[in-house]
Amino acid sequence: MTVLLEADPSPVTGHPWFGRYRLAPAAGAATLRDLLRHEIRDTGYWYQTHLPAAPIALPAASYAELFRVSRALLDLVRRTALESAATTEGRLTAYRMPPSEQQLFLADEFTEERYADCVARPDIVIGPDGPRFLEFNVSGALGGPVEFHCRMEVWRRLYTDARGRLPFDYQHPFAVRAQMFRQLCAESGLPPRVAMLGSARDQGGFTRYFDLQVDHFNSHGLLARFFEPEDLHEAWDCPPRLRYGLGLRDFTIPDWAELGIDTAPVQAALDNGCLLVGTQTSTFLSSKLTMGLLSEGRPWMSAAERALVDRYLPWTRVLSPRWTTRGERKVDLVEFTLAHRESLVLKESIGMSGRQVLIGRETDHAEWAAAVTAAAETGTSVVQEFVAPRTCRLAMVADGVDEPYDTEVAPVFGPLLFGGRPAGLFARFFGDGREGIVSVAGAGCSDDCVVSI
């Protein structure tokens, strides 16, 4: 079987950053559909009519660039968020955090800040000038690890040769995360035990999403257990030898609020010595306001850091009635935003799955003007330069087709970072050829692992 094919990029929407080669499908359409859907089963994942027929393959240099820059920018994001105020209370005020996010902080502010960025995943598109970082997701509940694991189970089965070799390289999220927890246990003087905190109610009523992760921990030197919030007291209200002093906070406050799940057991666990990463301070790092502050520049930034931000972050500003810079010009920010609707995106500071994002070119003038005016009054949104994504060619399968077929997709890359270490590269895209906001559970959205060749 020929494994590598010429990439044959689109002369209109493609980009040389994607490289010259791609992976050929290793099975027929029916086999691919069955394997991919079997592995992702019972994890709360939505039904996808369009599925990848191969991993997305990047040149080693492009693959490494995403992680190298992600780690550097995450450090700047962390510094920007923490220097916004000297204390948690000060940051809550500075960020104008809603009441829902003003909870679940540790009493020890040093520990709270120290472990805020343990789990991170930026969202990156490839624009006309290369990679552009649209936002940083910093949370123990971010998507990617389980999805990557399930997809990679299929790709390993199909691409491993008779000598046990693969034609590509990758990092596995579960393996890197286990390494992170072993290190966290060692530096905290805790036994190697990990509490996985979440709820099956957030995963369609199934526990397989958590079982896969717990099973990996248990088979790689860590004693792990999945806790529903109602059972979390068993992690600390027990003899010392049975306690779980460290865990993964695999939920978001908004998701649990929608499901009517009480967070009081989580606060009780925190108050009784359980460290759940990433800590609540991660909400400041994830805020789009932090991207706006970083894009505008901070007094402590070196010239090299300023250049890095200018190269990889699209122009982003916290929207309020004030003057700012756009290139070499000084502009009235609100007037500029109103006048340049087609080249801008409006984002609320806290949001998930693209539900708080307005793309100017897809919005009529009246709706845009109303949204911009309201956002400028609250000061809790950013305006960001729209990045026209470039595409790569990928083999796909869809319901009803007999063979894989090629299509152009515009992936949103998500490099996973655990404890600052590269932990696998995940991608989402519209497999049906549509354009718009690529949401983790949006109509027509597909996903895939990304590998290095």
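Above this note sits the structure.
Okay, so let's go over this structure. It should be emphasised that the depicted structure is a prediction, and the values quoted were computed from it without experimental measurement.

Another aspect to go through is the pairing of strand β14 (residues 344-348). Taking burial as the measure, the 5 residues of β14 include 4 buried ones, the bulk of the element. Direction of pairing for β14 relative to strand β16 (residues 381-385): antiparallel, over a ladder of 5 bridges. Opposite Leu 346, over in β16, you have Val 383 as the bridge partner. Note: β14 against strand β15 (residues 357-359), 3 bridges, orientation antiparallel. By the bridge assignment for β15, Leu 346 is matched with Leu 358.

Read across the open sheet, the 3 strands follow the order β3-β17-β18; overall the sheet is antiparallel. Each edge of the open sheet is held by one strand with a lone partner, namely β3 (50-52) and β18 (405-409). Adjacent strand axes in the sheet meet at a mean angle of 55° when their direction is disregarded. Sheet topology places strand β17 (residues 392-398) next to β18; 5 bridges connect them, and they run antiparallel. Of the residues in β18, the one forming a bridge with Leu 394 is Thr 407.

Here we come to empty space enclosed by the protein. The tally for this structure, following the rule as stated, stands at 3 cavities of 30 Å³ or more. Volume-wise, the largest cavity comes out at about 150 Å³. Along the walls of the largest cavity sit 18 residues, with Ala 7, Tyr 21, Arg 22, Cys 392 and Arg 393 positioned nearest its centre. When contributions to the lining of the largest cavity are tallied by element, the ones reaching two or more residues are β2 (21-23), β4 (56-58) and β17. Of the residues contributing to the lining of the largest cavity, the split by class is 12 nonpolar, 3 polar and 3 charged. The computed volume of the second largest cavity comes to approximately 40 Å³. Considering the residues around the second largest cavity, the lining is formed by Val 119, Gly 140, Leu 142, Pro 145, Arg 177, Tyr 209, Gln 213, Leu 248, Asp 250 and Phe 418. Taken together, the residues of the lining of the second largest cavity sort by class into 6 nonpolar, 2 polar and 2 charged.

With that settled, consider the pattern of salt bridges. Overall, the coordinates contain 26 salt bridges when judged by the stated rule. Notably, a salt bridge pairs Glu 39 with Arg 157, separated by 2.9 Å at the nearest N-O pair. Here Glu 39, found in helix α1 (residues 29-39), pairs with Arg 157, found in helix α5 (residues 145-159); they are 118 residues apart in sequence, far enough to count as distant. For Arg 157, a relative accessible area of 47% corresponds to the partly exposed category. Across the pair Arg 165 and Asp 161 runs a salt bridge whose closest N-O atoms are separated by 2.9 Å. Look at Arg 165 and you get partly exposed, because its relative accessible area is 44%. We classify Asp 161 as partly exposed; its relative accessible area is 31%. Residues participating in the shared-partner salt-bridge network are Asp 8, Arg 393 and Glu 408.

Right, let's get into the sheet that holds β4. Strand order in the open sheet formed by 6 strands is β4-β21-β20-β19-β5-β6, and the pairing between neighbours is mixed. Across the chains shown, the open sheet's two edge strands, defined by having one partner strand only, are β4 and β6 (130-138). Ignoring which end each strand starts from, the neighbouring axes of this sheet average 30° apart. Of the pairings in the sheet, the one linking strand β20 (residues 421-430) to strand β21 (residues 445-452) comprises 6 bridges and is antiparallel in character. Across the sheet, Ala 427 pairs through a bridge with Asp 448, a residue of β21. Here helix α6 (residues 173-188) sits on the sheet in contact with β5 (119-127), β19 (412-418) and β20, set at roughly 140° to β20.

Moving on, we come to the pairing of strand β8 (residues 223-227). With 5 bridges joining them, strand β7 (residues 193-197) and β8 adopt parallel strand pairing. From the neighbouring strand, Ala 195 faces β8, where its bridge partner is Arg 225. Handedness of the β-α-β unit built from β7, helix α7 (residues 208-218) and β8 comes out right-handed.

Quick look at the side chain of Thr 290 now. Locating Thr 290 in the fold gives a position in helix α11 (residues 288-296). Look at Thr 290 and you get buried, because its relative accessible area is 1%. In this structure the side chain of Thr 290 is engaged in a polar contact, spanning 2.7 Å, whose partner is the side chain of Tyr 95. The residues contacting Thr 290, other than those within four sequence positions of it, are Val 77, Thr 80, Ala 81, Tyr 95, Phe 284 and Leu 285.

A volume near 370 Å³ is recorded for the second largest pocket. If you trace the second largest pocket, you find 25 residues lining it, with Glu 348, Ser 349, Ile 350, Gly 351 and Gln 356 closest to the centre. Where the lining of the second largest pocket is concerned, the elements lending two or more residues are α8 (253-259), β14 and α14 (365-378). Split by residue class, the lining of the second largest pocket holds 12 nonpolar, 7 polar and 6 charged.

Parameters at a glance
- Residues numbered from 1 in each chain as written.
- Predicted model: local features only at pLDDT ≥ 70, side-chain atom pairs only at ≥ 80, totals over all residues.
- Heavy atoms only, no water.
- Buried < 20%, exposed > 50% of the residue type's maximum accessible area, 1.4 Å probe, protein only.
- Helix = DSSP H or I, 4+ residues; strand = E, 2+ residues; numbered from the N terminus.
- Pairing = 2+ DSSP bridges.
- Axes fitted to C-alpha atoms, helices over the stretch in contact; angles between N-to-C directions.
- 1 Å grid on protein atoms, 1.4 Å probe; cavity = no way out; pocket = protein on both sides within 12 Å on 5 of 7 lines; lining within 4 Å.
- Points joined across faces, edges and corners; volume = space filled by probe spheres on them.
- Nonpolar A, V, L, I, M, F, W, Y, C, P; charged D, E, K, R; others polar.
- Salt bridge = Lys/Arg side-chain N within 4 Å of Asp/Glu carboxyl O.
- Contact = heavy atoms within 4.5 Å.
- Right-handed = clockwise from strand over helix to strand, strands pointing away.
- Polar contact = N/O pair within 3.5 Å; in protein donor to acceptor, adjacent residues only side chain to side chain.

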